[in-house]
Every structure is written in structure tokens, then in C-alpha cells.
Amino acid sequence: MEKPVLAVAGIGATGVVLAAALLSRDPDVLVVDPQPGLAESLARNGLRVSGEIHYQVPVKQVFSGIKALKAHRPDVVFVATKTFHLPRVLEDLEAVFRPGMKIVSTHNGLGTEDVIADKFGAESALRMSLNYGVSLKGPGQVETAFFNRPNHLGGLVPETRETGLWLSDALTAAGLDTAYVDDIKAYVWKKMIM
């Protein structure tokens, strides 16, 4: 697979870790968050992750809205917002979406991958079960308390497998161990029960 254009929407506690891992290997990853003043803070300080997981990376491209991604034609958008923001994020992604684009839910809770599939098709939806605990210390700065390796990533249909494997390998190479699984729902349920 050719190197895809990646974006992370939501630079809160979990999104900082995910974006920092991706940026550590690809400085062109796009970052989206509407927080006032965040772009200036990230331009000055980058993303900083301490504790169980460590990163300190610069951020080159920060956008205050998802619709601004359209000109950059992302191939994969990780949605790391609060779960209750997902419907609005997907509404904004309608202006950006094109065939072949993948949307990865990193939310807690059940069925967020199905919400993506209902809107954009099952071949566009992936889901990550994140197995790290993190607290936000400031704009773009978090501390990780634990990382129960690995994270799990999977899709709903076989057509997402190639992208899922590439993303899992890229995240693992960046130090955020991630395993591709064929039945992501089982891992989401396991996390909910545990």
C-alpha cells in the first residue's frame, strides 16, 4: 500500500497519543481540533506524551474544522473525539469523504463503527480498541498511566483488511503496538466487560 494521507480529528487525551505516534513516523499527518488557541500552542510546543508512553513531536498542520481537510484529500481519518460528538463529526466528513476513504473510530462504547458504516458504507469503517489510560495535562500534553499492549484495530468487511494491516504495522513501528484483528467487535466487548 502506498503511504496514505492520515488525519486525526480530536486532540484530547487519547487523540494526542494517537496523533503523536503517527507524527513520529510521518510529519505530514493532519491534525484537527476546534479548541481556540490550540493551533498556536501546537505550533510552539508540538505534542508531548509522558508516562508509560513517550513522544515529543512537532505538528506542522493543524485545522480548526474537519471541512478544511477536503483540500488535503485524506485517505484515513481517525476520529478521536468524545463519542457524543461522532454524529456531528460524520456530518462534517460528508464534505470531505470520497470513495476509498477510511474512517477509524477510536471511541469508547459499542457500535460506533456501525454508525460510520451506516453513513459511509461498511467498506469505509474501521474501529480501534485503545488499551492505554491517559490524562490531559494541557493543550497537546498528556500523561499515560498504563498501556496494556496491544491496541486492537479491525474492520467490518474484508475490504478494509489491507488498510487495517498497514495502519496496525505503522502504529506498531511508531511504538504504539497495535494488532489487526478480524473480529473487532469481540475486542470492543472484551474491553467493555473488563
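Fair warning: this is a prediction, and the values are worked out from it, not measured in the lab. (Residues numbered from 1 in each chain as written. Predicted model: local features only at pLDDT ≥ 70, side-chain atom pairs only at ≥ 80, totals over all residues. Heavy atoms only, no water.)

K.L.:
So what's going on with the overall build of the protein chain? Which residues, and what values?
P.N.:
Across its full length, the protein chain holds six helices and 12 strands. Over its C-alpha atoms, taken along the principal directions, the protein chain stretches across nearly 40 × 35 × 35 Å. Across the 194 residues that make up the protein chain, the buried fraction comes to 49%. As displayed, the protein chain offers around 9000 Å² of accessible surface, 53% of which is attributable to carbon and sulfur atoms. Of the charged side chains in the protein chain, 20 are positive and 21 negative, and the gap between their average positions amounts to 5 Å. (Helix = DSSP H or I, 4+ residues; strand = E, 2+ residues; numbered from the N terminus. Buried < 20%, exposed > 50% of the residue type's maximum accessible area, 1.4 Å probe, protein only. Areas by Shrake-Rupley, 256 points an atom, 1.4 Å probe, with all protein chains shown as cover. Lys, Arg positive; Asp, Glu negative; His and termini not counted. Charge placed at Lys NZ, Arg CZ, Asp CG, Glu CD.)

K.L.:
Give a description of the sheet that holds strand β4 (residues 55–57) that names residues and reports values.
P.N.:
Taken together, the four strands give an open sheet; going across it, the order is β4-β3-β10-β9, and neighbouring strands pair in mixed fashion. Strand pairing shows two members of the sheet lacking a second neighbour, β4 and β9 (132–138), which therefore form its edges. Along the sheet, successive strands turn relative to each other by an average axial angle of 20°, direction set aside. In the sheet, strand β3 (residues 47–51) pairs with β4 via three bridges, with the strands oriented antiparallel. Bridge pairing in β4 places Arg48 opposite Gln56. Against the sheet, helix α1 (residues 13–25) makes contact with β3, β4, β9 and β10 (141–147), and its axis sits at roughly 105° relative to β3, the strand it touches most. (Pairing = 2+ DSSP bridges. Axes fitted to C-alpha atoms, helices over the stretch in contact; angles between N-to-C directions. Contact = heavy atoms within 4.5 Å.)

K.L.:
Explain the pairing of β9 to me, and be specific about the residues and the numbers.
P.N.:
Direction of pairing for β9 relative to β10: antiparallel, over a ladder of six bridges. Bridging across to β10, Ser135 finds its partner in Glu143. Turn length for the β9-β10 hairpin, with the two strands adjacent in sequence and antiparallel, is two residues, and the turn residue Gly140 shows positive phi of about 75°.

K.L.:
Can you lay out the environment of Leu176 for me, pointing to particular residues and giving the numbers?
P.N.:
When you line up the elements, Leu176 lands in the loop between α5 (161–173) and β12 (178–180). Taking the C-alpha atoms as reference points, Leu176 and Phe147, separated by 29 residues in sequence, lie 8.9 Å from one another. Apart from the residues lying within four places of it in its own chain, the contact partners of Leu176 are Val17, Leu18, Ala21, Ile53, Tyr55, Tyr132, Phe147, Asn151 and Leu171.

K.L.:
An account of the pattern of salt bridges is needed here, citing residue identities and associated values.
P.N.:
Counting across every chain of the model gives eight salt bridges. Notably, a salt bridge pairs Lys3 with Asp26, separated by 3.4 Å at the nearest N-O pair. Of the two residues, Lys3 sits in the segment before β1 (6–9) while Asp26 sits in the loop between α1 and β2 (30–32), which places them 23 residues apart along the sequence. A relative accessible area of 54% places Lys3 in the exposed class. Look at Asp26 and you get buried, because its relative accessible area is 8%. (Salt bridge = Lys/Arg side-chain N within 4 Å of Asp/Glu carboxyl O.)

K.L.:
Describe the side chain of Ser168, with residues and values.
P.N.:
You can see Ser168 is positioned in helix α5. Within polar-contact distance, the side chain of Ser168 engages the backbone nitrogen of Tyr180 at 3.4 Å. (Polar contact = N/O pair within 3.5 Å; in protein donor to acceptor, adjacent residues only side chain to side chain.)

K.L.:
Report on the nonpolar core, specifying residues and quantitative values.
P.N.:
Residues Leu47, Phe78 and Leu176 are the most contacted members of the largest nonpolar core, which totals 37 residues. A per-element tally of this core places α1 first, with eight residues. Excluding residues that lie within four positions of it along the chain, Leu47 makes contacts with Ile11, Val16, Ala19, Ala20, Leu23, Leu42, Tyr55, Gln56, Val57, Val59 and Gly140. Of all hydrophobic cores here, the second largest spans 20 residues; its members include Ala9, Leu30, Val32 and Leu69. (Core = buried A, V, L, I, M, F, W, Y, C linked by side-chain atoms within 4.5 Å.)

K.L.:
So, unusual backbone geometry: which residues are in play, and what are the values?
P.N.:
Note that the residue after Arg149, namely Pro150, is joined by a cis bond; omega there is -5°. Inspection of the secondary structure assignment puts Pro150 in the loop between β10 and β11 (151–155). A positive phi angle, close to 50°, is found at Arg73, a residue other than glycine. Mapping Arg73 onto the fold places it in the loop between β5 (61–63) and β6 (76–79).

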